[in-house]
Every structure is written in structure tokens, then in C-alpha cells.
Amino acid sequence: AGRRVGGYGLCYNTSPGGTRPLKGLDAQLSMPNNFLVPETQVEANGSGPVMELGSSAGQTILLSLGITKIAEQQSLDVSIWGSADGQEWGAKPLFAFPQKFYVGISAILLDLGKHPEVKQLQARWQVARWGVGPTKPVFQFYTFAEPAPQ
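Residues numbered from 1 in each chain as written. Predicted model: local features only at pLDDT ≥ 70, side-chain atom pairs only at ≥ 80, totals over all residues. Heavy atoms only, no water.

Peptide bonds are mostly trans, and most non-glycine residues show a negative phi. In the Ramachandran plot, Gln73 falls in the positive-phi region, its phi being about 60° despite a non-glycine side chain. Among the secondary structure elements, Gln73 is positioned in the loop between strand 8 (60–70) and strand 9 (74–83). (Helix = DSSP H or I, 4+ residues; strand = E, 2+ residues; numbered from the N terminus.)

Time to look at the environment of Ser79. One can find Ser79 in strand 9. When the C-alpha atoms of Ser79 and Arg124 are compared, they prove to be 5.4 Å apart, with 45 residues separating the residues in sequence. A polar side-chain atom of Ser79 sits 2.8 Å from a polar atom in the side chain of Trp81. (Polar contact = N/O pair within 3.5 Å; in protein donor to acceptor, adjacent residues only side chain to side chain.)

Next up on the list: the sheet that holds strand 13 (residues 139–147). Backbone-to-backbone hydrogen bonds join strands into a sheet, with any given pair of strands oriented parallel or antiparallel. The strand order across the open sheet built from four strands is 5-13-8-11, with neighbouring strands paired in antiparallel fashion. Since the sheet does not close on itself, it has two edges, and those belong to strand 5 (34–42) and strand 11 (104–111), each with one partner. Between one strand and the next, the sheet's axes are offset by a mean angle of 15°, whatever the strand orientation. (Pairing = 2+ DSSP bridges. Axes fitted to C-alpha atoms, helices over the stretch in contact; angles between N-to-C directions.)

Structural data, given as C-alpha cells:
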């Protein structure tokens, strides 16, 4: 099942094991649909694996952030970083989603034409918790990248 956000289709399927990209579309696209962060439960700041852009380097991509579990009085900050060589990631992210407090899906178009040197992407996140009760934040979320519709 796909979901439309902002006029663009998000290509993912839900399954008992979580979410996964639609495999039938991969051969038609210059960049395979890919999770920057597969659906994951986190309790601390961290980063996802490095994703190679392949022939989608310099193109516009659709990035989706899906939050599937969150508790009261906590926040999640997710940013997308770019690198030419997988070693140097720069001082600032290419994009940062607005701070999130609720379950939901956010999607943006990221124009990598403004960053032609970027060949890899990585998602990084920071979590915070305040108030009474447990002090450890707990989130379940994913970040998905796919070529933007032309």
C-alpha cells in the first residue's frame, strides 16, 4: 500500500516485519527506493547507515520521515547529511526536518542539484525527554528516500 503526501506517492509496503520498499519499481528508477533508517526503535542520539546515491547524485529526491511510536514530553530531531567520499560530512546538514513531537509522516523534496558533489546520504537523529516519569526517550521511526516524480 502506498500513501500520498503533498501530491507525491510514498512507495512502501507494510508487512508483519515492518515497512519495506516496493521491489517492482526498483528496476525503473535511477536510485533504488531505500531506507536511510529502517523502522527502528531508538532511545538515544544516533545515525543511520550510509546510502549511496548512484546515478541519482545531483537529482531531486523525495525524503520521508515516518514516526510510528512516540510518548508524551519528548522530541525527535532528524537531519540529512551529505558526503562526497563517505568520510567528510561537513559542518551542517543538507536538510533538517522540523522538530517532531507526534506520530505521523513528513515528506520534503531535496534538490541535490545544489550539491553536485554529494554521493552519499546519512540520516542522524537527536532525542530529548522532559517532565515527570521515565527519563529515557523512546521513539520508533523510519526515514525513506526515493527519486522525486518527474
